[in-house]
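Results of the structural survey
The residues making up each chain are set out below.
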Amino acid sequence: MTLIALPLIPLVAAGLIALAGRRAWMETVHALAAVGTLGAGLAVAAQALRSGPVVALDGFLRADALSALMIAVIALLGGVAALYAPGYARLAFDAAHAGRARTLFGLFHLFIFTMLLAVCTDNLGVMWVAIEGTTLATVFLVNLHGTRTSLEAAYKYLILSSVGIALAFIGTVLMYYAGAAQAGEIAVNWTSLRAAASSLNPQVVRLAFVFILVGYGTKMGLAPMHTWLPDAHSEAPAPISALMSGVLLNVGLYAVMRFRAVADVAAGPDFAGRLLMGLGLLSLTVASVFLLRQRNYKRMLAYSSVEHMGVICLGLGFGGPWGVLGALLHAINHALSKSLLFILSGNILLKYRTTEIHRVRGLLHVSPLTGGAFLAGTLALIGLPPFGLFISEFIILRAGLEGDAVWVAAGGIVLLVIAFAGVLRSVNQMLYGRPDEDLPRGDALTWSLAPLTVNFALLLVTGLTLPPALLGALNQVLQVIG
Amino acid sequence: MFPSLANLLSFIALGAAILLIVRGSLAGQVRVFAFQSFVLALLAAAVAAFAGSVELFGVALVLMTIKGVVIPRVLHRAVTNIGLHRAAAPYLSPPAALTVCGGLVVAAFYVMGPVAASNPLPTAGAIPLAFAGVLVGFFVTVNRRRALTQILGFLMLENGIFLLALLCTYGVPFIVEMGVFLDVLVAVLILEVFTYRIKENFDSIDVGEMETLRG
């Protein structure tokens, strides 16, 4: 029952917000829906982890341990971004642009709905429809500030993502064909495909996986299909950037992990592993080059997402229980830290009214709360202890060094150091220095930042102690897709 | 009889995709797309009759309505409102583009040949043709500067995938097919809004003008 309610809450909320008369009503529906989605999401995730897959509507909706992990991330970070959104909208869109607030709140929940549907369905075709839906729901959000650059970003985002994900549909059709040819008339359900995996035609599965990886890899922002990502993530309003970079990329990753589990059985583990390592290393290379000479802090965060998606691909490519476990943990850690930093970037933008690094000076002095949190978040992002990304990067790289991919792991370490230096240099420029005299002191929004303590707390938990509950959950995911 | 019909109609659909490269007028390009959609709907109906599938017949009807009538109308409206009738020069001239297409068709047979050979369905012979249509649509999308022609390339790509699924497995399940149609329709409506906004902001719908975002 809760599983049916989960995607329905944001869908109904989107409809109500479209109809709501006054801004106060919109904000009320928005807040209620965010809290409702969070509660339902955590309930479904807990149920799936405690007592096995939750199924509804004759198996159309199905949440196993992997879905549970994704639902928890979507619901939690969706809630954090939702609580920041009203304050941001009030400062960014004045009375003359009140319509933009409606677009923001309405599409916000439609966006959450598409992501939840993508990770809650067993039908791989419906998953594709939902993931294409995430692009359609967010494209007007990318263009929400109405500038020429945001229009350019939104158009490129729509065309590139749609064409990319069309390729994933070819892969889905080929997988469906491989399954149908083998088991007679089977639906495009992941569970039946996975059960029949060992008897699928390996040649067809290999071809299918290449299309899947290029297609969903586009949504994940893997190089060389990443070109839309820095544009779209930097032009979108901060709460949306936080979800696109922190959560939506993981939904693309989710699709890749599902198909990888089938391909590993059908075509041998080396095939998918090599492709993932190749794309991962390429993404790391491209991202670290662009991070070294970045002039725009939102683009810097976006390129860092390309970097971390590359790291996750390395983990999946190295394989084995540690490689996959590291990749899952890194996906969670990256989601926590990146959504945090993008929300803070909203505060910086509202204060300085620019996204250029060299025009943001003395952030620590001007907005101590934002600046301090931005510094701590950056340290987490570049993989310093005591935060979780240090642990997950360590697990992934160790899996590579102890396996037979020593050189790939070594290359990954070098590239991570380059990215580390690039990000730290840029953030240093922003934090210190002499701010403009006439810039008023204080943080653009303060109480809206309160939910970020959840991100920090969880990053410390994954960094200092890996609690048995989390390890147990990750082990269950390994059982599903390992 | 049925396999040759599938081959013939797939061949015509590929021909339409290639025709998009040489057509100069935007309205003509939209008509080529509508024509291709009708051919696909016809083939889907034929497969439905052959396989005795009522659902597939429904898919053929929806395909004809959405891709054969509704989307072409939307695109015609956009062409009229923008007041542009000639397609902008592509990156590659038509002769060069046709040569590339020839290469793509060969590549399609090379990649999809084994899949077609392993497929027992009577429609399997035409699978490489469908894949060639996908590749040509992809190429049109990257070769054209103007937003509207890029949209047409994307739609041709979508049509190619529909054909591929039809030939490989007699289509994907009904609910998925409907979801895909919905996505494509919404995507086209959004893209229509964008062509207006691009025209307003950049005073042209030449996407080559949009190159502020770098690095």
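Residues numbered from 1 in each chain as written. Chains lettered and ligands numbered in written order. Predicted model: local features only at pLDDT ≥ 70, side-chain atom pairs only at ≥ 80, totals over all residues. Heavy atoms only, no water.

**Side note on the overall build of chain A**
The helix and strand tally for chain A stands at 19 helices and 2 strands. Its C-alpha atoms give chain A a radius of gyration of 21 Å, within 12% of the compact-globule value 23 Å for 482 residues. Overall, the C-alpha framework of chain A stretches about 70 × 55 × 45 Å when taken along its three principal axes. Taking all 482 residues of chain A together, the buried fraction comes to 65%. Side-chain charges in chain A split into 28 positive and 21 negative, and the spacing between the mean points of these groups amounts to 5 Å. (Helix = DSSP H or I, 4+ residues; strand = E, 2+ residues; numbered from the N terminus. Rg over C-alpha atoms; globule rule 2.2 N^0.38 Å. Buried < 20%, exposed > 50% of the residue type's maximum accessible area, 1.4 Å probe, protein only. Lys, Arg positive; Asp, Glu negative; His and termini not counted. Charge placed at Lys NZ, Arg CZ, Asp CG, Glu CD.)

**Some points on a nonpolar patch on the surface**
All names here are of chain B. Among the surface-exposed residues, Phe 38, Phe 57, Leu 61, Met 64, Val 69 and Val 70 lie close enough to one another that they form a single nonpolar patch of about 480 Å² accessible area. Here the element with the most residues in the nonpolar patch is helix α3 (residues 54-82); it accounts for 5 residues. Considering the arrangement of structural elements, one finds Met 64 in helix α3. Overall, the relative accessible area of 32% leaves Met 64 in the partly exposed class. (Patch = residues over 30% accessible without salt bridge, like charges linked within 9 Å, V, L, I, M, F, W, Y side chains within 5 Å. Areas by Shrake-Rupley, 256 points an atom, 1.4 Å probe, with all protein chains shown as cover. Salt bridge = Lys/Arg side-chain N within 4 Å of Asp/Glu carboxyl O.)

**Some thoughts on the packing of aromatic side chains**
Taken as a whole and assessed by the stated rule, the structure comprises 10 aromatic pairs over all chains. Considering the side-chain rings of Phe211(A) and Phe131(B), the 5.7 Å spacing of their centres and the 80 degrees angle between planes classify their relative orientation as edge-to-face. Here Phe211(A), found in helix α8 (residues 202-220), pairs with Phe131(B), found in helix α5 (residues 127-143), and the two come from separate chains. Judged by its relative accessible area of 13%, Phe211(A) falls in the buried class. (Phe/Tyr/Trp six-rings, centres within 6.5 Å; stacked < 30°, edge-to-face > 60°.)

**Details of unusual backbone geometry**
Residue and element names in this part refer to chain A. Between Ala 223 and the following residue, Pro 224, the backbone shows a cis peptide bond with an omega angle of 0 degrees. With respect to the element layout, Pro 224 can be found in the loop between α8 and α9 (228-235). Phi at Leu 57 takes a positive value of approximately 55 degrees, unusual for a residue other than glycine. Mapped onto the secondary structure, Leu 57 falls in the loop between β1 (54-56) and β2 (61-63). For Leu 57, a relative accessible area of 49% gives the class partly exposed. For Arg 353, which is not glycine, the phi torsion reads 55 degrees and is therefore positive. One can find Arg 353 in the loop between α13 (320-352) and α14 (363-366).

**Thoughts on the interface of chain A and chain B**
Listed per partner, the contact involves 44 residues of chain A and 46 residues of chain B. When chain A packs against chain B, the two sides together hide about 3,900 Å² of surface, and 78% of this comes from carbon and sulfur. Of all residues in chain A, Glu152(A), Tyr155(A) and Tyr177(A) give up the largest surface area on contact with chain B, accounting jointly for 18% of the area buried on that side. Taken together, the links from chain A to chain B amount to 0 salt bridges. Here chain A and chain B share 2 residue pairs in polar contact (both at pLDDT 80 or more) between them. Listing elements by their share of the side of chain A that touches chain B, those giving two or more residues are α5 (124-142), α6 (148-183), α8, α9 and α12 (297-318) of chain A. Element by element, the count of residues in the side of chain A that touches chain B is highest for α6(A), at 20 residues. (Contact = heavy atoms within 4.5 Å. Buried area = accessible area lost by both parts, 1.4 Å probe. Polar contact = N/O pair within 3.5 Å; in protein donor to acceptor, adjacent residues only side chain to side chain.)

**Examining the environment of Asp404(A)**
Mapped onto the elements of the fold, Asp404(A) is located in the loop between α16 (388-402) and α17 (406-431). As a C-alpha pair, Asp404(A) and Met300(A) span 104 residues in sequence and 33 Å in three-dimensional space.

**Quick notes on the pattern of salt bridges**
Residues and elements named next belong to chain A. Using the criterion set out here, one finds 10 salt bridges over all chains in the structure. Here Arg 62 makes a salt bridge to Asp 64, at a shortest N to O gap of 3.4 Å. In terms of burial, Arg 62 and Asp 64 fall into one category: buried. Shared partners join several salt bridges into a network, and the residues in it are Arg 23, Glu 27 and Arg 90.

**Structural notes on α5(B)**
Look at α5(B): 24 Å from first C-alpha to last across 17 residues, which is about the 24 Å you get at 1.5 Å a residue. Along α5(B), 15 of the 17 residues are buried, which leaves the element largely enclosed by surrounding structure. (Expected span 1.5 Å × (residues − 1).)

**With respect to the side chain of Ser241(A)**
By secondary structure assignment, the location of Ser241(A) is in helix α10 (residues 238-267). Residue class for Ser241(A) comes out buried when judged on its relative accessible area of 0%.

**Examining the packing of α13(A) against helix α18 (residues 452-464) of chain A**
All names here are of chain A. Orientation of α13 relative to α18, taken along the N-to-C sense of each, is 150 degrees, at an axis distance of 10 Å. The orientation of α13 relative to α18 falls into the category roughly antiparallel. Considering only the axes of α13 and α18, their crossing is left-handed. Counted together, Leu 329, Asn 333, Leu 336, Ser 337, Ser 339, Leu 340, Ile 343 and Leu 344 of α13 and Leu 452, Asn 455, Phe 456, Leu 458, Leu 459 and Thr 462 of α18 form the full contact between these two elements. Here the residues of the contact of α13 with α18 are counted per class, giving 9 nonpolar, 5 polar and no charged. (Axes fitted to C-alpha atoms, helices over the stretch in contact; angles between N-to-C directions. Parallel < 35°, antiparallel > 145°, perpendicular 65-115°, else oblique. Left-handed = near helix turned anticlockwise from the far one by under 90°. Nonpolar A, V, L, I, M, F, W, Y, C, P; charged D, E, K, R; others polar.)

**A closer look at empty space enclosed by the protein**
Residues and elements named next belong to chain A. Here the structure, examined in full by the defined rule, presents 8 cavities of 30 Å³ or more. In this structure, the largest cavity encloses a volume near 70 Å³. For the largest cavity, the full set of lining residues is Arg 62, Asp 64, Ser 67, Thr 121, Asp 122, Asn 123, Leu 124, Met 127, Trp 190, Tyr 254 and Arg 258. Elements that contribute at least two residues to the lining of the largest cavity include exactly α5 and α10. (1 Å grid on protein atoms, 1.4 Å probe; cavity = no way out; pocket = protein on both sides within 12 Å on 5 of 7 lines; lining within 4 Å. Points joined across faces, edges and corners; volume = space filled by probe spheres on them.)

**Here's the deal with the side chain of Lys351(A)**
Residues and elements named next belong to chain A. Positionally, Lys 351 belongs in helix α13. The buried charged residue Lys 351 lacks any salt bridge, with Asp 443 as its nearest oppositely charged partner at 7.6 Å. Among the polar contacts listed, one links the side chain of Lys 351 to the backbone oxygen of Gly 442, at a separation of 3.1 Å.

**Some words on α5(A)**
Residue and element names in this part refer to chain A. Here α5 is 19 residues long and its end C-alpha atoms lie 27 Å apart, about the 27 Å a rise of 1.5 Å per residue gives. Counting buried positions along α5 gives 18 out of 19 residues, so the element sits mostly inside the fold. Its side-chain oxygen at 2.8 Å from the backbone nitrogen of Gly 125, Asn 123 defines the N-terminal cap of α5.

**Description of the confidence of the model for chain B**
Residues and elements named next belong to chain B. Taken over all residues, the pLDDT of chain B has a mean of 86, while the share at 70 or more is 91%. Per-residue pLDDT, averaged within each element of chain B, yields its smallest value for helix α7 (residues 174-202) (87) and its largest for helix α2 (residues 26-51) (92). For this predicted complex, the interface confidence reaches an ipTM of 0.90, while the overall pTM sits at 0.94. (pLDDT = per-residue confidence, 0-100.)

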